[in-house]
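Examination of the molecular architecture
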Amino acid sequence: MKTLEPAEQQFFHVEWESTLKCNLDCSYCGDGHDNTQPHPSLNKCLETVDFIFEYVSLYLDTYPNNSDKVMKHVNLNVYGGESLFHPQILDILKYIKEKRKEYDFSVAISTITNAVVGKKHWKKIIPNLDHITVSYHAESTPKQKTIVKNNILHLQENKKNFQVSCMMHPRHWEECVDMVEWCREHEIKVIPRQIDSKWSDFRFNYTEEQKNWLYGTCDNCPKTKILDKLSYVLKNGIDLSSKVRECCGRVPFYIDENYDSTTTVVENKFKGWNCSVNRFFLYIRQTTGQVFTNKDCRQNLENKIGPLGYLNNTDEILENTRQKIKNKEDFIKCQKTSCWCGMCAPKSKDSDVFKKIMEKYQDD
């Protein structure tokens with residue numbers, strides 16, 4: 001594999017971590033929640049919304065019109081922690097709805113939520129969202145799981161655009177499989193998701209049987225080798241996150257420039273590759289003020305692991321990005337050993353092939 005390009009139209013993904021407070025404490029969450037942190041103020045959040053629109057417009061202005069490869073559209077994911085517990089979440093969502101009227105590109109307001117939300121609050125929030133991803137977590141309590149299922153059924157009854165992302169915990173495997181089956185029985189879109197983790201964290205390694213349930217047998221899945229068998233003995237499982245992955249939305253990929261066929265599961269090793277992740281992603285941590293190109297790779301335009309800048313100096317971020325685009329220096333060379341979020345950004349091992357691919361995603 002020397003190239004990776006999505007077979008579906010691309011658009012811009014904004015991941016805005018608006019608060020770190022959460023009502024769950026999942027073992028695989030890492031730095032995704034921190035209940036010692038206060039909710040960011042409403043004014044700071046609204047300033048961030050203004051910056052987001054200014055930033056994405058820099059890139060969307062370079063997108064070609066009426067392209068079958070890329071659309072002038074932004075998915076603004078307001079999440080946490082658990083963003084729906086921010087005391088001013090309704091004000092924030094309503095501000096975004098008004099703000100998007102000022103721009104000539106479309107903006108969908110979405111959230112990733114654990115859906116452990118009271119019925120009254122849920123009913124107030126849902127009309128202000130265009131898309132909802134309910135993230136199901138097996139480590140929650142029986143009462144919380146009942147609330148989640150009821151809220152999912154409410155979305156279905158009200159014909160909302162939503163899906164369920166079931167985090168497939170290898171140590172709560174049967175329960176996760178049952179949840180997937182429950183969704184399918186109710187004709188609810190569900191995506192079983194592998195849990196990504198650092199190589200040194202063995203708690204979320206999968207058995208061979210679990211790996212096959214997730215991905216079946218495919219040409220791009222990791223093969224069970226002697227090293228894998230030894231790994232299973234030593235660590236009780238296979239570290240899928242360092243070997244293979246599919247797109248979070250199950251977007252199919254072309255894996256060569258000839259576009260002969262597509263696959264959804266690929267080996268996620270792209271160190272040294274040319275990548276366009278910054279042209280399709282933005283990640284903001286409101287509580288720290290950090291602004292990154294992407295949630296997982298977090299590479300900046302200087303080809304280093306680190307933020308683009310900080311929310312207290314957004315003018316500098318905007319000007320630097322503007323100059324990089326003008327000078328055609330707004331691409332990165334991958335510095336990471338494994339790719340997670342951002343896999344769907346077009347990329348190539350060969351610089352010339354990469355430039356040829358990206359011609360389709362840029363206006364002349």
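Quick notes on the rules
- Residues numbered from 1 in each chain as written.
- Predicted model: local features only at pLDDT ≥ 70, side-chain atom pairs only at ≥ 80, totals over all residues.
- Heavy atoms only, no water.
- Helix = DSSP H or I, 4+ residues; strand = E, 2+ residues; numbered from the N terminus.
- Rg over C-alpha atoms; globule rule 2.2 N^0.38 Å.
- Buried < 20%, exposed > 50% of the residue type's maximum accessible area, 1.4 Å probe, protein only.
- Contact = heavy atoms within 4.5 Å.
- Areas by Shrake-Rupley, 256 points an atom, 1.4 Å probe, with all protein chains shown as cover.
- Lys, Arg positive; Asp, Glu negative; His and termini not counted.
- Charge placed at Lys NZ, Arg CZ, Asp CG, Glu CD.
- Salt bridge = Lys/Arg side-chain N within 4 Å of Asp/Glu carboxyl O.
- pLDDT = per-residue confidence, 0-100.
- Core = buried A, V, L, I, M, F, W, Y, C linked by side-chain atoms within 4.5 Å.
- Pairing = 2+ DSSP bridges.
- Right-handed = clockwise from strand over helix to strand, strands pointing away.
- Axes fitted to C-alpha atoms, helices over the stretch in contact; angles between N-to-C directions.
- Parallel < 35°, antiparallel > 145°, perpendicular 65-115°, else oblique.
- Left-handed = near helix turned anticlockwise from the far one by under 90°.
- Nonpolar A, V, L, I, M, F, W, Y, C, P; charged D, E, K, R; others polar.
- Disulfide = S-S within 2.5 Å.
- Phe/Tyr/Trp six-rings, centres within 6.5 Å; stacked < 30°, edge-to-face > 60°.
- Lys NZ or Arg CZ within 6 Å of the ring centre and 35° of its normal.
- 1 Å grid on protein atoms, 1.4 Å probe; cavity = no way out; pocket = protein on both sides within 12 Å on 5 of 7 lines; lining within 4 Å.
- Points joined across faces, edges and corners; volume = space filled by probe spheres on them.

1. Comments concerning the overall build of the protein
Across its full length, the protein carries nine helices and 17 strands. On C-alpha atoms alone, the protein measures out to a radius of gyration of 20 Å, which is about the 21 Å that the 2.2 N^0.38 rule sets for 364 residues. Seen through its C-alpha atoms, the protein measures out along the principal axes to roughly 50 × 50 × 35 Å. Across the 364 residues of the protein, 54% fall into the buried class. Of the contacts made within the protein by residues no fewer than 6 positions apart, 72% connect residues no fewer than 24 positions apart. Entry remark: accessible area of the protein is about 17,300 Å², with carbon and sulfur atoms responsible for 48%. Each charge sign in the protein was given a centre, from 51 positive and 50 negative side chains, and these centres are 3 Å apart.

2. Some points on the pattern of salt bridges
Under the defined criterion, the tally for this structure stands at 14 salt bridges. Its salt-bridge partner being Lys-69, residue Glu-5 comes within 3.3 Å of it at the nearest N-O pair. With Glu-5 in strand β1 (residues 3-6) and Lys-69 in the loop between α1 (42-60) and β3 (70-79), the pair connects residues that are 64 residues apart, well separated along the chain. Here Glu-5 and Lys-69 have matching classes, each one buried. Taken together, the shared-partner salt bridges connect Glu-5, Lys-69 and Lys-360 into one network.

3. Concerning the confidence of the model for the protein
For the protein, per-residue confidence averages 89 on the pLDDT scale, and 92% of positions sit at 70 or higher. In the model, residues 224-234 has pLDDT below 50 throughout and makes nine contacts with residues more than four positions away in sequence or in other chains.

4. Description of the nonpolar core
In this structure, Phe-12, Trp-16 and Tyr-55 are the most contacted members of the largest nonpolar core, which totals 98 residues. Among the elements that take part in this core, α1 stands out by supplying ten residues, more than any other.

5. Details of the sheet that holds strand β16 (residues 332-333)
Pairing between the strands of a sheet comes from backbone hydrogen bonds, and it takes one of two forms, parallel or antiparallel. Pairing is antiparallel in the open sheet, where six strands are placed in the order β10-β9-β1-β17-β12-β16. Each edge of the open sheet is held by one strand with a lone partner, namely β10 (262-263) and β16. Of the pairings in the sheet, the one linking strand β12 (residues 274-275) to strand β17 (residues 347-348) comprises two bridges and is antiparallel in character. Paired with Cys-275 across the strands is Lys-347, a residue of β17.

6. Observations regarding the pairing of β3
By the criterion of burial, β3 is predominantly enclosed, with eight of the ten residues buried. In terms of strand pairing, strand β2 (residues 10-17) meets β3 through seven bridges, oriented parallel. Across the sheet, the residue bridging to Trp-16 is Val-78, located in β3. In this structure, β3 lies alongside strand β4 (residues 106-113), joined through five bridges in parallel fashion. The partner of Val-74 across the bridge, within β4, is Val-107. Once the chain exits β3 it traverses helix α2 (residues 89-99) before rejoining the sheet at β4, and the crossover so formed is right-handed.

7. Topic: the packing of α1 against α2
The N-to-C vectors of α1 and α2 enclose an angle of 30°; their axes lie 10 Å apart at closest approach. The pairing of α1 with α2 is recorded here as roughly parallel in orientation. Of the two possible hands of crossing, α1 and α2 adopt the one that is right-handed. Contacts between α1 and α2 involve Leu-42, Cys-45, Leu-46, Val-49, Asp-50 and Phe-53 from the first element and Asp-91, Ile-92, Tyr-95, Ile-96 and Lys-99 from the second. Of the residues assigned to the contact of α1 with α2, the class counts are eight nonpolar, no polar and three charged.

8. What about the state of the cysteines?
Defined simply, a disulfide is a covalent bond joining two cysteines at their sulfur atoms. This structure, assessed with the given rule, holds zero disulfides. The thiol of Cys-26 is not disulfide-bonded; the next cysteine sulfur, from Cys-29, is found 6.4 Å away.

9. Structural notes on the packing of aromatic side chains
For any pair of aromatic rings, the description consists of the separation of the ring centres together with the inter-plane angle of the planes. Enumeration over the complete set of coordinates arrives at 13 aromatic pairs. An angle of 65° between the planes, with centres 5.7 Å apart, marks the rings of Tyr-55 and Tyr-59 as edge-to-face. Of the two residues, Tyr-55 and Tyr-59 are both situated in helix α1; the distance of four residues between them amounts to about one turn of the helix. Comparing Tyr-55 with Tyr-59, the two get one shared label, buried. Among the aromatic residues, those joined into a cluster by ring pairs are Phe-12, Phe-51, Tyr-55 and Tyr-59. Over the aromatic face of Phe-292 sits the side chain of Arg-298, whose NZ or CZ is 5.1 Å from the ring centroid.

10. What about the layout of surface pockets?
Here the second largest pocket is characterised by a volume of approximately 390 Å³. Along the walls of the second largest pocket sit 15 residues, with Lys-328, Phe-331, Phe-354, Lys-355 and Gln-362 positioned nearest its centre. When contributions to the lining of the second largest pocket are tallied by element, the ones reaching two or more residues are β16 and α9 (351-358). With four residues, α9 is the single largest residue contributor to the lining of the second largest pocket. A breakdown of the residues in the lining of the second largest pocket according to their chemical character gives four nonpolar, four polar and seven charged.

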